[in-house]
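# A look at the structure
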Amino acid sequence: MLEIRGVSKSFGGLKALDCVDLAVGPAEISGLIGPNGAGKSSLVNVISGLLAPDGGDVRLEGRVVSGQGPERVARAGIGRTFQNLRLFPALTVLQNIEVAAQTARECRPDRAVAMDLQAEIAALGLAGAEQLDAGTLSYGDQRRVEILRALALCPDFLLLDEPAAGMNEAESAMLATAIRSIRDRHGVGLIVIDHDLHFIMGLCERIAVLDMGRKIAEGTAQEVRHDPKVIEVYLGAPA
Amino acid sequence: MDYALQQFLNAASFGAEYALIALGLAIVFSLMGLVNFAHGEIIAIASYAAFFLILVGIDNPAVVALVAIAASVLGAILFERVAFRPVRHAPVATGLLTAFGVSIVVQNAFLLFVSPRPRPLPVFGGLNRTVELGGLKVQLLQLLEIGVTLAAISALLVFLRRSTLGLAMRAAARDFNTVRLMGLRANRVIATAFAISGLLAGIAAVFIVARRGSIEPDMGFMPVLKAFVACVIGGFGSLGGAVLGGFVLGFVEVGILLVLPQSMGGLKDAVVFSLIALLLVARPQGILGSRVELGDKER
């Protein structure tokens with residue numbers, strides 16, 4: 001269980017996150033949506049340990065993991081990808097993955113042994129690209145390598161920050177299938193951020209909506225879609 | 001022919017010395033953006049360790065050299081642990097001032113507890129003898145310096161390309177936070193970088209002491225200044241650039257001494273630095289440096 005409990009974060013006078021609660025169970029795919037500047041990336045940064053929350057905490061299986069630096073979070077079993085690609089461009093695809101796999105071998109050896117990285121690479125359609133420098137891949141392929149790299153941590157939870165950005169409809173449909181397959185095979189719980197509501201609604205079992213740093217709605221795709229507050233945020237208030 | 005070869009070896013051995021020290025500066029800078037001006041004191045620590053060893057009666061040059069190198073590795077790790085770790089997340093200027101602080105403290109410790117004046121240390125003097133190599137007379141020290149430097153650079157290259165920690169260090173030089181998000185402990189990666197920089201400085205120290213035959217508290221200053229220049233020439237933070245810059249500086253220095261008339265030998269540094277200034281006008285990022293790419297929302 002990954003629990004975000006009353007997390008607040010301010011940058012100067014700007015409240016990026018205001019007492020946000022969120023819980024994701026094992027093997028659950030949870031969506032996080034909201035307009036630009038709603039605080040989605042800030043929340044992912046807090047969960048992954050890049051930012052320390054001003055208030056509240058993040059707990060993994062009941063243990064507080066927030067405010068202890070990103071390496072602790074990663075070692076505890078939370079992997080992430082980035083909205084702006086953050087691969088190591090001068091390393092090959094395999095070397096990128098290896099950096100994370102090394103941590104898995106150290107921190108969770110049983111799972112690391114069970115993880116067949118070659119199969120995962122193939123499952124995401126990157127077979128044959130292992131020895132290419134990550135920086136030379138297409139945008140969509142780099143996104144897939146980021147997912148593989150995060151998966152190589154053998155995490156309990158994965159945070160995917162706009163995994164379908166820059167992909168066309170066919171590509172994002174394939175990505176959704178791949179994400180579901182990762183969940184099914186590894187029992188990983190996921191938080192997926194995306195702007196593409198169609199993508200999120202089709203993929204996620206539960207969806208939370210952020211606006212101005214607050215969680216304004218949470219529920220199934222159906223519930224969220226018909227929530228008047230969500231409609232207001234996305235379409236503007238009725239005149 | 002003999003003369004040309006002699007000058008070539010001269011230049012290459014100076015270049016090797018600069019490259020070793022510059023590589024240590026660059027590896028730390030590439031990871032944490034710290035210009036470690038206390039790097040010269042790591043050279044001094046190695047040299048004084050050798051000095052103390054002689055005092056207690058151990059004078060086998062090989063043993064003394066190994067202990068000196070070990071001392072500089074420990075010294076570098078200690079600097080990081082005691083002085084640089086507490087200011088790791090502080091602004092760049094804080095790190096720079098901390099480095100100067102460490103440098104002053106260590107220099108003054110040697111000054112107070114040993115002597116403000118140079119002390120003779122002829123333990124590596126045997127390296128200054130001439131050897132025959134295929135009918136040519138060359139200095140053993142220069143051959144060793146060039147050979148050991150090339151070996152050290154190759155070993156470092158293999159480490160960075162083949163080992164997982166090396167991969168992590170290459171990745172971290174680009175993007176430290178992402179490496180931490182892959183679960184690598186920042187402390188371990190940085191301590192390793194300092195240990196490597198100490199190792200390279202220790203090797204350089206053995207050659208420096210062999211050449212000068214003495215030690216003094218601020219003996220590390222000039223070598224590090226030269227190494228800093230080498231880094232700037234090559235492109236700061238680029239490891240290849242540090243090596244290239246070191247050798248370029250060595251060859252330019254020796255070349256200018258050859259070109260300048262004897263009476264103007266004192267102008268060597270002025271000419272060298274003018275040339276470097278011209279180079280930097282044309283390529284402000286150094287020979288191998290690339291422009292820093294920003295544009296990442298999370299930085």
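Residues numbered from 1 in each chain as written. Chains lettered and ligands numbered in written order. Predicted model: local features only at pLDDT ≥ 70, side-chain atom pairs only at ≥ 80, totals over all residues. Heavy atoms only, no water.

The next point concerns the overall build of chain A. Check the secondary structure of chain A and you find 10 helices and 10 strands. Here the C-alpha radius of gyration of chain A, 17 Å, is about what a compact globule of 239 residues would show, namely 18 Å. Taking the principal axes of its C-alpha atoms as reference, chain A extends roughly 55 × 40 × 30 Å. Counting only residues that meet the buried cut, chain A has 56% of its 239 residues in that class. Looking at chain A alone, contacts between residues at least 24 apart form 69% of all its contacts between residues at least 6 apart. Of the accessible surface of chain A, which amounts to about 9,600 Å², a share of 53% is contributed by carbon and sulfur atoms. Here chain A contributes 24 positively and 31 negatively charged side chains, and the mean placements of these two sets differ by 4 Å. (Helix = DSSP H or I, 4+ residues; strand = E, 2+ residues; numbered from the N terminus. Rg over C-alpha atoms; globule rule 2.2 N^0.38 Å. Buried < 20%, exposed > 50% of the residue type's maximum accessible area, 1.4 Å probe, protein only. Contact = heavy atoms within 4.5 Å. Areas by Shrake-Rupley, 256 points an atom, 1.4 Å probe, with all protein chains shown as cover. Lys, Arg positive; Asp, Glu negative; His and termini not counted. Charge placed at Lys NZ, Arg CZ, Asp CG, Glu CD.)

In this model, chain B carries a mean pLDDT of 90, and residues with pLDDT of at least 70 account for 96%. Predicted confidence for residues 293-299 of chain B stays below pLDDT 50, and this span has 16 contacts to residues more than four positions away or in other chains. (pLDDT = per-residue confidence, 0-100.)

Looking now at the interface of chain A and chain B. Contacts between the two partners involve 28 residues from chain A and, on the opposite side, 23 residues from chain B. Of the roughly 2,300 Å² buried at the junction of chain A and chain B (both faces included), carbon and sulfur atoms supply 56%. Of all residues in chain A, E71, R86 and F88 of chain A give up the largest surface area on contact with chain B, accounting jointly for 26% of the area buried on that side. The tally of links from chain A across to chain B stands at four salt bridges. Between R180 of chain B and E71 of chain A there is a salt bridge, with its nearest N and O atoms 2.8 Å apart. Remark: the boundary between chain A and chain B carries seven residue pairs in polar contact (both at pLDDT 80 or more). Elements with a minimum of two residues in the side of chain A that touches chain B: α1 (40-47), α2 (70-76) and α3 (93-107) of chain A. Of the residues forming the side of chain A that touches chain B, the biggest block, seven residues, is contributed by α3 of chain A. Its residues assigned to classes, the side of chain A that touches chain B comprises 12 nonpolar, nine polar and seven charged. (Buried area = accessible area lost by both parts, 1.4 Å probe. Salt bridge = Lys/Arg side-chain N within 4 Å of Asp/Glu carboxyl O. Polar contact = N/O pair within 3.5 Å; in protein donor to acceptor, adjacent residues only side chain to side chain. Nonpolar A, V, L, I, M, F, W, Y, C, P; charged D, E, K, R; others polar.)

A full pass over the atoms with the stated rule returns 10 aromatic pairs over all chains. Between Y48 of chain B and F110 of chain B, the aromatic rings sit 3.9 Å apart at their centres with planes inclined by 5 degrees, giving stacked as the arrangement. Remark: F110 of chain B occurs in helix α4 (residues 92-113) and Y48 of chain B occurs in helix α2 (residues 39-55); sequence separation between them is 62 residues. Using a relative accessible area of 1% as the deciding quantity, one classes Y48 of chain B as buried. When its relative accessible area of 11% is taken as the criterion, F110 of chain B is described as buried. Plain terms: the ring middles of F84 of chain B and F194 of chain B are 5.7 Å apart, the flat faces sit at 25 degrees to each other, and that makes the pair stacked. Of this pair, F84 of chain B sits in helix α3 (residues 61-84) while F194 of chain B is found in helix α8 (residues 186-212), placing the two residues 110 residues apart along the sequence. Note on F84 of chain B: relative accessible area 1%, which makes it buried. Given the relative accessible area of 0%, F194 of chain B is considered buried. Among the aromatic residues, ring-to-ring pairing joins F29, F37, F100, F228 and F236 of chain B into one connected group. Lying over the aromatic face of F82 of chain A, R86 of chain A brings its terminal NZ or CZ to 4.8 Å of the ring centre. (Phe/Tyr/Trp six-rings, centres within 6.5 Å; stacked < 30°, edge-to-face > 60°. Lys NZ or Arg CZ within 6 Å of the ring centre and 35° of its normal.)

This part takes up the side chain of K40 of chain A. Residue and element names in this part refer to chain A. Along the chain, the position of K40 falls in helix α1. Buried charge K40 goes without a salt bridge, the closest partner of opposite sign being E162 at 5.2 Å. Within the structure, K40 has its side chain in polar contact with the backbone oxygen of G34 (distance 2.9 Å). At 3.2 Å, the side chain of K40 forms a polar contact with the backbone oxygen of P35.

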